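# What the coordinates show
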Amino acid sequence: MTVTQAAPLVRTADREHQDRRWSILVLLCLALLLITVDATVLHIAVPALTAALEPSAVQLLWIIDIYSLVVAPLLIMFGTLGDRYGRKRLVLWGFVLFGVASAAAACAPTPLTLILARALLGVGGAMIMPATLSLIRQVFTDRRERAIALGVWSAVAAAGAAIGPLVGGVLVGFWWGAVFLINVPILLVLLPAAKRLLPESRGRRDRPWDAVSAALSVFGILALAFGLKEAGSGSLLPLWASVLVFAAGLGLLIAFVRRQTRLPAPFLEIGLFRRREFTTGVLGVLLGVFALVGLQLMLAQYLQLVLGDSPVRAALRMLPLVISAVSGGLAAAHILPRVGMRATMSGGLALVALALTPTLTWGVEGHPVMLAVCFVGIGFGVQVALLAASDTIMASAPEAQAGGAAAIEETAYELGAGLGVAVLGTITAIVYAPGLPAVPGVSAGGMDQARQSLASAAHVADQIGGNTGGALLDAARWAFVNALHTTVVVSVVLLSLTAVAVAMLLSRD
């Protein structure tokens, strides 16, 4: 077949995919939803998981956190691999790996096995996620329709993190492993649909793929995140070693940046960060997701282990967060053109900080109405800020560099999710342990186990039973509430400072 004969066939295939563009969007958003839900689906399942596998506090944090910490450093690498070798192939293999890892996680007999399965889930998610955004750009050639599609993608990305606890709360009522096993039948439907619907992207094999840059970016981001996590928790390394790992990650990323400035065809368009609007937008995504995902974990435990809600009731109590996040995405599309990026992003972040403030006065008593109001403010504010940040990132990047900008945005999203759990979870653990005094009648070993986490304390209290078990649980609840207050203060300060920085750095338009 000659080139002149092949060209019409390519154009015909492109037209077919454009005719099915909305079906392709639904498929890509379902795939994205699986990835983002998995970042937070365990938040409600923590008590059930703790009772079943009895992980230590450190293992529990790794079970929750390893997924996002693996996804974040791999996004850029898999994004560039998809550009070079074809995105459809990467998505299909990502579906297969995600399904296998989900089945392995559901059947995990030990905390270590679950951590490894969650890490494999992260690899599969990183293979799929960059292609979802790139394929939307490929099949939506009309700029107005592309804007709508990207808005839907952004809403799904943010809503997925909010829906995760709700899904987990419903499924954990049957069995904690169901939060993973549910992925398998969904993927069995998505895999053949993706094979039939997704277009074959024409790989850029003429553009060199720099393996050294890939290694520098992956190990740099991983060391940075791991060092920061360990510096706070000291779970595996002493403080000096954690600082050394963090410094090594920083050094690798500096080497990565320098290498990109010298390459004729850079692995990633680092020059984008010279644009103030772009850098501000990335910071907004990072802090917005940091607050949403990290606080969800803390608040989900507050509902179940402090207020005594069942998993399903806790999930339903968090429903206003989901609804307000979706509403915020729809509202932001109308707010943004009227008030501008600066006011929308800084206002959204400030609203989240304001919505968190009332929780500082709460103890172990219930506040059903105010809790719902706070969830509405958090969900709406985060989604408004995220959509404005995403729009800022893409508007400040030239069309030719849109793929690189998307990869950076997705990395900021996943890194924010991982760091939110790691940092806020570590702060809570650091304050909680010394805040739990010895309880008469509880052995030293029992107190050591209870100080690992509130979920562990509830498990020990249930084993002891009677007045002694009740006294231990009451003391643990108050210790957790005091630790939660510290976490909220840190979040409010970070969100407020970011809102002020956005207001100062972004232009009015």
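Residues numbered from 1 in each chain as written. Predicted model: local features only at pLDDT ≥ 70, side-chain atom pairs only at ≥ 80, totals over all residues. Heavy atoms only, no water.

## Description of the confidence of the model for the chain
- Residues with a pLDDT of 70 or more make up 86% of the chain, whose mean pLDDT is 79.
- Of all helices and strands in the chain, the one with the weakest mean pLDDT is helix α1 (residues 3–19) (50), whereas helix α5 (residues 87–106) scores best (90).
- Every residue in residues 1–10 is under pLDDT 50, and counting partners more than four places away or in other chains gives 3 contacts. (pLDDT = per-residue confidence, 0-100. Helix = DSSP H or I, 4+ residues; strand = E, 2+ residues; numbered from the N terminus. Contact = heavy atoms within 4.5 Å.)

## Structural notes on the pattern of salt bridges
- The tally for this structure, following the rule as stated, stands at 1 salt bridge.
- Note that D474 and R477 form a salt bridge whose closest N and O atoms lie 3.8 Å from each other. In this pair, D474 and R477 are both assigned in helix α19 (residues 466–505), 3 residues apart and thus about one turn of the helix distant.
- Since its relative accessible area comes to 42%, D474 is described here as partly exposed. (Salt bridge = Lys/Arg side-chain N within 4 Å of Asp/Glu carboxyl O. Buried < 20%, exposed > 50% of the residue type's maximum accessible area, 1.4 Å probe, protein only.)

## Digging into unusual backbone geometry
- Positioned with a positive phi, E54 is a non-glycine residue whose angle comes to about 50°.
- The topology assignment puts E54 in the loop between α3 (46–53) and α4 (57–85).

## Quick look at helix α2 (residues 21–40)
- Helix length check: α2 (20 residues) gives 29 Å between terminal C-alpha atoms against 28 Å at 1.5 Å per residue, within 8%.
- Of all the 20 residues making up α2, 15 are buried; the element is thus mostly covered by neighbouring parts of the structure. (Expected span 1.5 Å × (residues − 1).)

## Brief notes about the side chain of Q260
- For Q260, the location among the structural elements is in helix α11 (residues 239–262).
- With residues up to four places along the chain from it excluded, the contact list for Q260 reads S213, P266, F267, L268 and I270.

## Section: helix α14 (residues 319–356)
- Under the 1.5 Å per step criterion, the end-to-end length of α14 is only 17 Å for 38 residues, more than 12% shorter than the ideal 56 Å.
- The largest bend along α14 reaches roughly 120° and is located at G340. (Bend = angle between axes of the 7 residues up to and from the residue.)

## A short note on the packing of α14 against α19
- One way to put it is that α14 packs onto α19 with a least axis distance of 8 Å and a crossing angle of 165°. It follows from the interaxial angle that α14 and α19 lie roughly antiparallel. Seen from above, α14 lies across α19 with left-handed handedness. Residues R342, M345, S346, L349, A350, V352, A353 and L356 of α14 pack against V488, S491, V492, L495, S496, T498, A499, V502 and A503 of α19.
- For the contact of α14 with α19, the residue count by class is 12 nonpolar, 4 polar and 1 charged. (Axes fitted to C-alpha atoms, helices over the stretch in contact; angles between N-to-C directions. Parallel < 35°, antiparallel > 145°, perpendicular 65-115°, else oblique. Left-handed = near helix turned anticlockwise from the far one by under 90°. Nonpolar A, V, L, I, M, F, W, Y, C, P; charged D, E, K, R; others polar.)

## A word on the packing of aromatic side chains
- Scanning the model with the defined rule gives 3 aromatic pairs in all.
- Plain terms: the ring middles of W175 and W176 are 6.3 Å apart, the flat faces sit at 55° to each other, and that makes the pair tilted.
- Considering the side-chain rings of F273 and F278, the 5.2 Å spacing of their centres and the 85° angle between planes classify their relative orientation as edge-to-face.
- On the basis of relative accessible area, F278 is assigned to the buried category, the value being 0%. (Phe/Tyr/Trp six-rings, centres within 6.5 Å; stacked < 30°, edge-to-face > 60°.)

## Description of the nonpolar core
- Judged by nonpolar contacts, the single largest core of 157 residues is most densely connected at L114, F180 and I378.
- In this structure I378 touches L292, L299, L321, V352, A355 and L356, once residues within four positions along its chain are discounted. (Core = buried A, V, L, I, M, F, W, Y, C linked by side-chain atoms within 4.5 Å.)

## Overview of the packing of α2 against helix α9 (residues 183–197)
- It is at 11 Å that the axes of α2 and α9 come closest, and there the two elements cross at 145°. Regarding α2 and α9, the two cross each other, and that crossing is left-handed. Seen from α2, the contacting residues are S23, I24, L27, L30, A31, L34 and D38; seen from α9, they are N183, I186, L187, L190, A193, A194 and L197.

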